[in-house]
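Analysis of the macromolecular model
Each chain, letter by letter, is given below.
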Amino acid sequence: MKKLTLAFAFLAGISMVLMMCVGTLDILGTNLFGLPIPAAYEFITTMIVVVVFFAVAHAQTQRAHIRVEILVDRLPPPLRFATDAFQDILSALLYALISYFGWLSALRSFSEGEYASGLINFPIWPARFGLAIGATLMVLQCINGLAPNFRRRDQYKK
């Protein structure tokens, strides 16, 4: 699972580099030559979804999400264990809902051929699939993170 989330985080990084290149070229083209890149805005908004949702599961593997450690670290060990488990379960439920509705939206968008109209009709469904795939990966990571949490239960007793 760790290799899978790392691969998706790598894809998120590539997406961010592509966003930066297109954004820079669009700004330079617009300001220097009066020639903006067609559909640059639509491309960047699609890539933002990919960057966020492809990287979130890897952050979960590293326990890098925001938490109030000053409070959690002062809790007695059994409560620390409970808060970690509760966080994994709550995150899995939240991302399961995002994933479910994301897949419904992505499939509908693909079947209808949904696009953002502009100079170039830019398809929206790839961003919707990116959201659904990333949210599904996060659900799997949260479930996968529960087992080690229960195995680490002994460290909470110290």
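Let me sum up the structure you'll find in this document. Being a predicted model, the structure only gives us computed values, none of them experimental.

Regarding the overall build of the protein chain
- From N to C terminus, the protein chain includes 6 helices and 2 strands.
- Radius of gyration (C-alpha) of the protein chain: 20 Å, far over the 15 Å computed for a compact globule of 158 residues.
- Considering only residue pairs separated by 6 or more positions, the protein chain has 72% of its internal contacts joining residues 24 or more positions apart.
- A total accessible area of about 10,000 Å² is found for the protein chain, and carbon and sulfur atoms account for 72% of it.

A closer look at the pattern of salt bridges
- This structure, assessed with the given rule, holds 2 salt bridges.
- The salt bridge partner of Glu 112 is Arg 108, with a shortest N-O separation of 3.9 Å. With Glu 112 and Arg 108 both in helix 4 (residues 77–112) and 4 residues apart, the pair spans about one turn of that helix.
- Assessed through its relative accessible area of 55%, Glu 112 is described here as exposed.

Section: the side chain of Ser 99
- By the element assignment, Ser 99 lies in helix 4.
- Here the side chain of Ser 99 touches Thr 136 through a polar contact of 2.6 Å, side chain to side chain.
- What Ser 99 contacts, discounting residues up to four positions off in sequence, is Ala 132, Ala 135 and Thr 136.

Quick notes on helix 2 (residues 40–61)
- For helix 2, built from 22 residues, the straight-helix expectation of 32 Å at 1.5 Å per residue is met to within 8% by its first-to-last C-alpha distance of 32 Å.
- Count one or two residues on from helix 2 and you reach Arg 63, which has phi positive near 55°.

Focus on the nonpolar core
- Residues Phe 43, Met 47, Phe 54, Tyr 95 and Met 138 are the most contacted members of the largest nonpolar core, which totals 22 residues.
- For this core, the secondary structure elements donating two or more residues are helix 1 (2–33), helix 2, helix 4 and helix 5 (125–151).
- In contact with Phe 43, not counting residues within four places along its chain, are Leu 18, Met 19, Val 22 and Phe 122.

What to know about a nonpolar patch on the surface
- Residues Phe 10, Leu 11, Ile 14 and Leu 18 make up a contiguous nonpolar surface patch of roughly 370 Å² in combined accessible area.
- Relative to the helices and strands, Phe 10 resides in helix 1.

Regarding the environment of Thr 30
- Its location among the elements puts Thr 30 in helix 1.
- The class for Thr 30 is partly exposed, based on a relative accessible area of 35%.
- Residues contacting Thr 30, with those up to four places away along its chain left out, are Leu 35 and Pro 36.

Section: the packing of helix 1 against helix 2
- Where helix 1 meets helix 2, the closest approach of the two axes is 8 Å, and the angle between their N-to-C directions is 155°. The pairing of helix 1 with helix 2 is recorded here as roughly antiparallel in orientation. Our pair here, helix 1 against helix 2, has a crossing hand that is left-handed.
- Split by residue class, the contact of helix 1 with helix 2 holds 19 nonpolar, 5 polar and 1 charged.

Some remarks on helix 4
- With 36 residues, helix 4 should cover 52 Å at 1.5 Å per step; its first-to-last C-alpha distance of 52 Å lies within 8% of that length.
- Directly beyond the C-terminal end of helix 4, a positive phi value near 65° is found at Gly 113.

A short note on the packing of aromatic side chains
- Applying the stated criterion across every chain yields a total of 6 aromatic pairs.
- With a centroid separation of 5.0 Å and 80° between ring planes, the pair formed by Tyr 100 and Phe 101 is classed as edge-to-face.
- Every member of this aromatic cluster is reached through a ring pair, and the members are Trp 103, Phe 110, Trp 125 and Phe 129.

Cut-off values and rules
- Residues numbered from 1 in each chain as written.
- Predicted model: local features only at pLDDT ≥ 70, side-chain atom pairs only at ≥ 80, totals over all residues.
- Heavy atoms only, no water.
- Helix = DSSP H or I, 4+ residues; strand = E, 2+ residues; numbered from the N terminus.
- Rg over C-alpha atoms; globule rule 2.2 N^0.38 Å.
- Contact = heavy atoms within 4.5 Å.
- Areas by Shrake-Rupley, 256 points an atom, 1.4 Å probe, with all protein chains shown as cover.
- Salt bridge = Lys/Arg side-chain N within 4 Å of Asp/Glu carboxyl O.
- Buried < 20%, exposed > 50% of the residue type's maximum accessible area, 1.4 Å probe, protein only.
- Polar contact = N/O pair within 3.5 Å; in protein donor to acceptor, adjacent residues only side chain to side chain.
- Expected span 1.5 Å × (residues − 1).
- Core = buried A, V, L, I, M, F, W, Y, C linked by side-chain atoms within 4.5 Å.
- Patch = residues over 30% accessible without salt bridge, like charges linked within 9 Å, V, L, I, M, F, W, Y side chains within 5 Å.
- Axes fitted to C-alpha atoms, helices over the stretch in contact; angles between N-to-C directions.
- Parallel < 35°, antiparallel > 145°, perpendicular 65-115°, else oblique.
- Left-handed = near helix turned anticlockwise from the far one by under 90°.
- Nonpolar A, V, L, I, M, F, W, Y, C, P; charged D, E, K, R; others polar.
- Phe/Tyr/Trp six-rings, centres within 6.5 Å; stacked < 30°, edge-to-face > 60°.

The values reported here are purely geometric and, on their own, carry no functional implication.
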